[in-house]
Amino acid sequence: MNTKLSPAPPGLILASLLVWGWQTEFMLYAIIIGLLLELPMFIKWRINFSDKDTNQLADLSGVIFFIITVTVFVNYSFQGIYKILELLPFVLLLLMLVQCYGTQNGIKTSALFISIRRLGERAGPNVLYTTNIGMPYVFICLISASSGNRYSDHFFALCAVVISWLLLTQRSKHFSRITWFASLVFVLFFSYLTQNGLQKLQNDSETFFLQLFEQYGWRSTDPERTSTSIGSLGRLKLSDRIIFRLKADKPSPTPLYFRETSYSSYNYGSWRNPKVEFDIIGKTPGKNEWQLNKNKSDQDTMDMAIYLQNQSAIIPVPDNLNSLAGKDLIQVETSIYGSTRIEAREGWINYRLGISDHDFIEATPAAVDLGIPLNYKTDFEQIAIKLDLYSKSDKEIISTVQQYFKDNFYYSITQNQRYTKGQYLTKFLFKDKKGHCEYFATATALLLREAGIPARYTIGYSVQEYSNWQSTYLVRARHAHAWTKYYIDGAWHNMDTTPSVWAPMEAEDRTLLEPLMDLLSWLRYKTTSSDIESETKSKSDWMLWLLIPLGAYLSWRFYSKQRVEKNNERVTLHSEFFRLGTDSPIYPLIKQIEQEADSRQSGETLMAWIKRIFPGTKAERYYDLISLHYAYRFNPVGDKRKEKKQISDNLDSLT
Amino acid sequence: MLRKLIFANFKLVYRASQWLRQRFTSTGILILSIMPVAGVFGFDTRSTLSFQIFSITLILLFTAMFYSLFFRGKFSIIRKLPEYGSVGIPLNYTCIIRNENKTAKRGFILVDELKNQFPSFAKFSKAKDPLDKNRNRIDRFIGYPRLVKIMQKIRGGSIKPINIDYIAEKSELETSIQLTPLRRGYLQFDKTRLAMAEPLGLIQGQKFIYNKDSLLILPKLYKTPRLNLQGKRSYHHGGVNNASIVGDSQEFISLRDYHPGDPIRSIHWRSFAKLNKPIVKEYQDEYFTRYGLILDTFLDEQSEHIFEDAVSVAASFMTAQKEQDALLDLMFVGNTSYRFTSGRGLAGAENILEVLACVQPAYESNIAEVELMLQQHSRECSAFICILLELDESRLKLVKSLSELNIPIKLLLLKESTDTNSTETEHDIHVIHHENLQQDLDALWTT
């Protein structure tokens, strides 16, 4: 196989650049670059780039690519990959210019691959050769153009034209043009069908897998439904991944509860709500702020950062949330079940939580908040009778229930016994008396309901791990928690009956890699998040950090260059030594004599020449001068300055 | 263990790479490389339109692959090889291709292929590539570039593909093919591959014509002076066949350069006067000069190219010697001890070169056997040239044994590095460096 690519047909590079310009809105640049790259077709002069020049330009392209990657990554996070893709024709422009305007008509593989460069000329012709990068550039332009993601059908048609144009020059001579054309039509027809099929495949497979996840695995917080692990066998495992960060100058003595949402009806391991409607909160004019309660003002604020996997998500918030502020936020919505949903960009976002002395208004209790599943009704009646709840006041009930769970139950994240469906809570209440937070929260809510107090099951996070180094609370997936809300005296209150050992117990499962993962998470947070209010990205500071390796590389290159120059100086001095004498004052005289008399023959010495053109004694007057010149020109030792002066003096005496 | 595992996968990778190189045209490789890139960026069809480029390249390759299955035709090949080749010097040979089909064929490629064989792990792990020092650690550890080099060496040469534009039906076409031999020994021609690109010009349909042949490649030769060791002529008993041809009997044979020990009466004064150097008349007798050239073949830590250098140096000495001057014994130990005599009407240079073309390194120490051979033949030889690959204890012992013979010896040591040590100086060993081989050889007789 011939590994060397043939050049792109004339005009094709311009065509592919125009497609790129049209898709990415770089049309002006596309035209300029395209014309620059096609112009050499019409001009004859070329620049003789040495291998070293080409290597340095290739390195420079690499550095440009690195800078673009860092800049784009900092500004756009992982979404920036498409931005980088969009800029590729710029990155490769230098190499294309070298190819188009250079005498080599291609790029040596040693310029493209450092490994080949290190082998030098000994790499062998199979590895070290000059290749034309015109055709790859055409394809890079097309892939780059695809990042524009506009006018799908037109783009397909233009790609088809460019690729057909390219293939026309490569077609096999054994077959007729008709065969080639028919083959191409066939290919393009099926390609069109395939690309439609790929789109459909993605839609269908996404739907399928989402359903699968919904059924068996992870899903985002659903304000209408949550499945508990009640009844699940084995050890409950939650990851150490940091879900959100909460800025605080010092740690709070008691855990903070950040709820996501509350649920009202329970059945077979799932808590549900009726259809939840979200209310859009109006943005405060002139500010990136959303005030949940217009009548209240913020008494305190907390800075929070959360990682969003989607542009819309329910965020954990404290009960007394009053406002949300941050330039990353686009929209804020709340539901009557206490959930707060935001729309923002994906990745780490920062916002400020405004806190007031009043809890956020949640829907008043309904009949459903007193409902107990029929299969557990008798169990809770039995406990209520045992604790004499029916005759107690609301506050007494609360303290009795709290004490009951504290005295009789303990925390466990392992469940080994298999029970019949619908009897999990019964076994928890009467047999095992151990379980995790979902057992406690559910049982508490249902017991309070039995005692006539409306109660809801609430999920969210318990904020308790404080990082002194970062002055921040770190909230991990394993800090996810469930507790109960009860309604007395016209307000909802929190009640957590889960033994307080739950958090340390779950922390026992943390991996050895947790510190490393935390560091990576912090780096990612620091490099991708932005300030809450300022439009200027704080990441610019971090970009400087990322630019350190680049700076080091450039310094090294600069230092290397210096060394080369120093060496060159030495060489220059050395070579000057050898070229001494070429500035002999005799040369103008020789030129003059040559013009007047006869010029020197090839290989003829000065002395022989003088003797030839000046027969007799006339030549003798030049003998001393020539001897002096010979000494100055060819004798490496001696005082050159003095010799030069002697020649000049001798010349003066001659004239 | 890990290296063995990696090596086990090399066969697959190498075959895949060969398959790609043989089946795909350069444009085909480009399309094949673009396809996964477009696929990766187009994985999410909502983010970019790259999946459209992926679709086009995918269908292009499928179609091309399908077309390439239908390359049919009947051809025959006749190869006309020269008698010898020499390492590194391109040679041309003729190939006659006959189109047995009823239709003319155009636009295909003819590639003559040499036999390929995958090396054993032992050979792979022992092999060293001088370019390794310029490679990065991963390449050095994994060693795939080294494997490619070994495979090239096993094949023994690179053959340029020939583009055949047109061949009429039922007719023959004679074409010249260039082969650059990369190693000495016999190159085995295995088959001829005819490849024709399908209409889109991406993938080549292939047809193999099996036609085995072999070609002897002689070692690379360097410019060396004639041997001029100050050795005395030795007596060879009348039973020696050579004595009937070379010697001091009254039957005049030829004139030759004077060697110390030649009687004054043998000097041919007219020639002396004419050439200004002593020339003697040669007569038939049992006395004649006989040089021994000992080639060290035991390859231990050295790279194989040092051994190749040693063979080349030996071959250069053997060919530089004029046949009428003296007899020359080439001695080395491979599986067994070998001694080949050339000169004076016995084996010619080409025979010795053929022997040297096929000499293989021994991986188990054989220096003791060399010493034994030396004891057997030392009395017959006037001088020795010994080409060593290393200077370890056993070789030093050999050097000492040679010195004790009290006959002129020339000790050459092939080395990769340019440093010299005191042992070499002490024993008057001439170091020949891999990088400056010719210069060191030139300097050999002036030092």
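Every chain begins its residue count from 1, and numbering advances along the sequence as written. Chain labels run from A onward and ligand labels from 1 onward, assigned in the order the entries are written. Under the rules for a predicted model, residues below a pLDDT of 70 receive no local features and side-chain atom pairs below 80 are neither given nor counted, while totals for whole chains, interfaces and linings still include all residues. Heavy atoms throughout the structure, all of them, feed into the side-chain values; hydrogens and water do not.

**Digging into the overall build of chain A**
Here is step 1: Numbering of helices and strands starts at the N terminus; helices are DSSP runs of H or I of at least 4 residues and strands are runs of E of at least 2. Assigned secondary structure in chain A consists of 21 helices and 25 strands.
Here is step 2: We call a residue buried when its accessible area falls under 20% of the maximum for its residue type, exposed when it is over 50%, and partly exposed in between, using a 1.4 Å probe and counting protein chains only. Taking all 655 residues of chain A together, the buried fraction comes to 45%.
Here is step 3: Contact criterion: two residues are considered in contact whenever any of their non-hydrogen atoms come within 4.5 Å of each other. Contacts in chain A between residues far apart in sequence, at least 24 positions, make up 73% of those at least 6 positions apart.
Here is step 4: Within the structure as shown, chain A displays about 34200 Å² of accessible surface, and the carbon and sulfur contribution to it stands at 58%. All accessible areas in this document rest on Shrake-Rupley with a 1.4 Å probe, and a residue is counted as covered only by the protein chains that are shown.

**A look at the overall build of chain B**
Here is step 1: In terms of helices and strands, chain B carries 13 helices and 19 strands.
Here is step 2: Among the 447 residues that make up chain B, the fraction classed as buried is 51%.
Here is step 3: For chain B, the proportion of contacts with a sequence separation of at least 24, taken over those separated by at least 6, is 73%.
Here is step 4: For chain B, the accessible area works out to roughly 21300 Å², and carbon and sulfur atoms hold 53% of it.

**Let's talk about the confidence of the model for chain A**
All names here are of chain A.
Here is step 1: Overall, the prediction assigns chain A a mean pLDDT of 80, with 83% of residues at 70 or greater.
Here is step 2: pLDDT is a residue-level measure of predictor confidence that goes from 0 to 100. Of the regions scoring below 50 in pLDDT, residues 535–541 engages in 14 contacts with residues more than four places distant in sequence or in other chains.
Here is step 3: Throughout residues 561–578 the model reports pLDDT below 50, and contacts reaching past four residues in sequence, or to other chains, amount to 3 contacts.

**Side note on the pairing of strand β8 (residues 185–197) of chain B**
Residue and element names in this part refer to chain B.
Here is step 1: Burial runs high along β8: 11 of the 13 residues are buried.
Here is step 2: Criterion used throughout: strands pair if DSSP finds at least two bridges between them. Pairing between strand β4 (residues 105–114) and β8: 7 bridges, direction antiparallel. Paired with Glu-113 across the two strands is Lys-191, which belongs to β8.
Here is step 3: In this sheet, strand β9 (residues 204–218) lies alongside β8 in antiparallel orientation, the contact comprising 12 bridges. From the neighbouring strand, Arg-193 faces β9, where its bridge partner is Phe-208.

**A few points about the interface of chain B and chain A**
Here is step 1: In this complex, chain B contributes 49 residues to the contact, which on the side of chain A involves 53 residues.
Here is step 2: The term buried area denotes the loss of accessible surface (1.4 Å probe radius) that occurs when two parts are joined, taken as the sum for both partners. Carbon and sulfur atoms make up 66% of the surface buried where chain B meets chain A, a total of about 4500 Å² over both sides.
Here is step 3: Counted as salt bridges are all cases of a side-chain nitrogen of Lys or Arg within 4 Å of a carboxyl oxygen of Asp or Glu. Across the chain B-chain A interface, the total number found is 0 salt bridges.
Here is step 4: Any N or O atom pair separated by 3.5 Å or less is treated as a polar contact, with the protein-specific requirement of one donor-capable and one acceptor-capable atom, and with residues adjacent in sequence counted only for side-chain atom pairs. Counting the contacts that link chain B with chain A gives 14 residue pairs in polar contact (both at pLDDT 80 or more).
Here is step 5: Put simply, the parts of the chain that give the side of chain B that touches chain A at least two residues each are α1 (2–23), α2 (26–41), α3 (50–68), β4 and β8 of chain B.
Here is step 6: Among the elements that line the side of chain B that touches chain A, the one with the most residues is α3 of chain B, at 12 residues.
Here is step 7: Classes in brief: Ala, Val, Leu, Ile, Met, Phe, Trp, Tyr, Cys and Pro nonpolar; Asp, Glu, Lys and Arg charged; the others, Gly included, polar. Among the residues making up the side of chain B that touches chain A, the classes are represented as 26 nonpolar, 14 polar and 9 charged.

**Description of the sheet that holds strand β1 (residues 75–80) of chain B**
Residues and elements named next belong to chain B.
Here is step 1: An order of β1-β3-β7-β5 is seen for the 4 strands of this open sheet, with the pairing classed as antiparallel. The two strands at the open ends of the sheet, each matched to only one other strand, are β1 and β5 (157–159). This sheet shows a mean twist of 30 degrees between the axes of neighbouring strands, independent of strand direction.
Here is step 2: In the sheet, β5 pairs with strand β7 (residues 171–181) via 3 bridges, with the strands oriented antiparallel. The angle between two axes is taken between their N-to-C directions and runs from 0 to 180 degrees, where each axis is a line fitted to C-alpha atoms and a helix contributes only its stretch in contact.

**Things to note about the side chain of Arg-476 of chain A**
Here is step 1: Residue position: Arg-476 of chain A is located in strand β23 (residues 472–476).
Here is step 2: For Arg-476 of chain A, the side chain forms a polar contact with the side chain of Glu-465 of chain A, separated by 2.9 Å.

**Quick look at unusual backbone geometry**
All names here are of chain B.
Here is step 1: In this structure, Lys-170 takes a positive phi of about 50 degrees despite not being glycine.
Here is step 2: Within the fold, Lys-170 resides in the loop between β6 (162–167) and β7.
Here is step 3: For Lys-170, a relative accessible area of 47% translates into the label partly exposed.
Here is step 4: Even without being glycine, Asn-276 reaches a positive phi, approximately 65 degrees.
Here is step 5: Along the chain, Asn-276 turns up in the loop between α7 (269–275) and β12 (279–283).

**Examining the nonpolar core**
Here is step 1: We define the nonpolar core as a collection of buried residues of types Ala, Val, Leu, Ile, Met, Phe, Trp, Tyr and Cys that are connected through side-chain atoms lying within 4.5 Å of one another. Counting 66 residues, the largest nonpolar core has Leu-17 and Leu-37 of chain A together with Leu-60 of chain B as the members making the most contacts within it.
Here is step 2: Broken down by element, this core gets its largest block of residues, 8 residues, from helix α8 (residues 134–146) of chain A.
Here is step 3: If we skip the residues at most four places from it in the chain, Leu-60 of chain B touches Ile-163, Leu-167 and Val-187 of chain A together with Ile-31, Leu-200 and Leu-202 of chain B.
Here is step 4: If you look at the next biggest cluster of nonpolar residues, it comprises 42 residues, including Ile-372, Leu-429, Leu-448 and Ile-488 of chain A.

**Observations regarding the packing of helix α11 (residues 374–387) of chain A against helix α13 (residues 424–432) of chain A**
Residues and elements named next belong to chain A.
Here is step 1: Remark: α11 packs on α13, axes separated minimally by 10 Å, with the N-to-C direction vectors making an angle of 20 degrees. Considering their axes alone, α11 and α13 lie roughly parallel with respect to each other. Of the two possible hands of crossing, α11 and α13 adopt the one that is left-handed. Residues Tyr-376, Asp-379, Phe-380, Gln-382 and Ile-383 of α11 touch α13, and the partners they reach there are Tyr-424, Leu-425, Thr-426, Leu-429 and Phe-430.
Here is step 2: Of the residues belonging to the contact of α11 with α13, the class tally is 7 nonpolar, 2 polar and 1 charged. Put simply, angles under 35 degrees are roughly parallel, angles over 145 are roughly antiparallel, angles from 65 to 115 are roughly perpendicular, and the rest are oblique. Should the near helix be turned anticlockwise from the far one by less than a right angle, the crossing is termed left-handed; should it be turned clockwise, right-handed.

**A short note on helix α10 (residues 367–377) of chain B**
Residues and elements named next belong to chain B.
Here is step 1: For α10, every residue scored as buried is listed here: Ile-367, Val-370, Glu-371, Met-373, Leu-374 and His-377. Projection of α10 onto a plane perpendicular to its axis shows the buried side chains occupying an angular sector of 160 degrees, all on one side. Opposite the packed face of α10, turned more than 90 degrees from it, sit the exposed residues Ala-368, Gln-375 and Gln-376.
Here is step 2: Each element contacted by the buried residues of α10 is listed here: β14 (290–295), β15 (327–333), β16 (337–342), β17 (383–388) and α11 (393–404). The arc under discussion is defined with respect to the helix axis, by the directions toward the C-beta atoms.

**A closer look at the pairing of strand β11 (residues 300–308) of chain A**
Residues and elements named next belong to chain A.
Here is step 1: Inspection of the sheet shows strand β5 (residues 242–247) paired to β11 by 3 bridges, in the antiparallel sense. Residue Phe-244 lies in a different strand from β11, and its bridge partner there is Ile-306.
Here is step 2: Bridge analysis of β11 against strand β17 (residues 347–355) gives 9 bridges, and the strand direction is antiparallel. Directly across from Asp-300, in β17, lies its bridge partner Ile-355.

**Some details on the environment of Ser-391 of chain A**
All names here are of chain A.
Here is step 1: Secondary-structure assignment places Ser-391 in the loop between α11 and α12 (394–408).
Here is step 2: Counting along the chain gives 60 residues from Ser-391 to Ala-451, while the straight-line C-alpha distance between them is 9.1 Å.
Here is step 3: Within the structure, the side chain of Ser-391 is placed 2.8 Å from the side chain of Asp-388, a separation counted as a polar contact.

**A short note on helix α21 (residues 640–654) of chain A**
Residue and element names in this part refer to chain A.
Here is step 1: Helix span is expected to be 1.5 Å times the residue number reduced by one. In this model α21 runs 21 Å from its N-terminal to its C-terminal C-alpha over 15 residues, within 8% of the 21 Å that 1.5 Å per residue would give.
Here is step 2: Inspection of α21 places Lys-640, Glu-643, Ile-647, Asn-650, Leu-651 and Leu-654 among the buried residues, and these make up the whole buried set. Within α21, the buried residues cover an arc of 100 degrees as seen down the axis, which keeps them to one side. The outward face of α21, more than 90 degrees from its buried face, is lined by the exposed residues Arg-641, Lys-642, Lys-645, Asp-652 and Ser-653.
Here is step 3: Tucked inside the fold, the buried residues of α21 contact α18 (586–596) and α20 (620–634).

**Observations regarding the sheet that holds strand β6 (residues 256–263) of chain A**
Think of a sheet as strands paired side by side through backbone hydrogen bonds, with each pair either parallel or antiparallel.
Residues and elements named next belong to chain A.
Here is step 1: A sheet is described by the order of its strands in space; here 5 strands give the open sequence β13-β6-β21-β24-β25, paired in antiparallel fashion. The two strands at the open ends of the sheet, each matched to only one other strand, are β13 (317–318) and β25 (491–495).
Here is step 2: Both strand β24 (residues 480–488) and β25 contribute to a ladder of 5 bridges, which runs antiparallel. Among the inter-strand pairings, Thr-484 is bridged to a residue of β25, identified as Met-495.
Here is step 3: Here α12 sits on the sheet and contacts β24 and β25; the angle it forms with β24, its principal contact strand, is near 155 degrees.
Here is step 4: Docked against the sheet, helix α14 (residues 437–450) engages β6, β21 (455–463), β24 and β25, running at close to 10 degrees with respect to β24.

**Observations regarding the pattern of salt bridges**
For side chains of opposite charge, pairing can occur when their charged atoms come near one another.
Here is step 1: Summed over all chains, the structure comprises 28 salt bridges over all chains.
Here is step 2: A salt bridge links Arg-456 of chain A to Asp-369 of chain A; the nearest nitrogen and oxygen atoms lie 3.0 Å apart. On the criterion of sequence distance, the pair formed by Arg-456 of chain A in strand β21 and Asp-369 of chain A in the loop between β17 and α11 is long-range, its members being 87 residues apart.
Here is step 3: What makes Arg-456 of chain A buried here is its relative accessible area of 1%.
Here is step 4: Among the salt bridges present, the one from Asp-392 of chain B reaches Arg-395 of chain B, with a minimum N-O distance of 3.0 Å.
Here is step 5: Because the salt bridges share partners, they merge into one network encompassing Glu-113, Asp-190, Lys-191, Arg-193 and Lys-212 of chain B.

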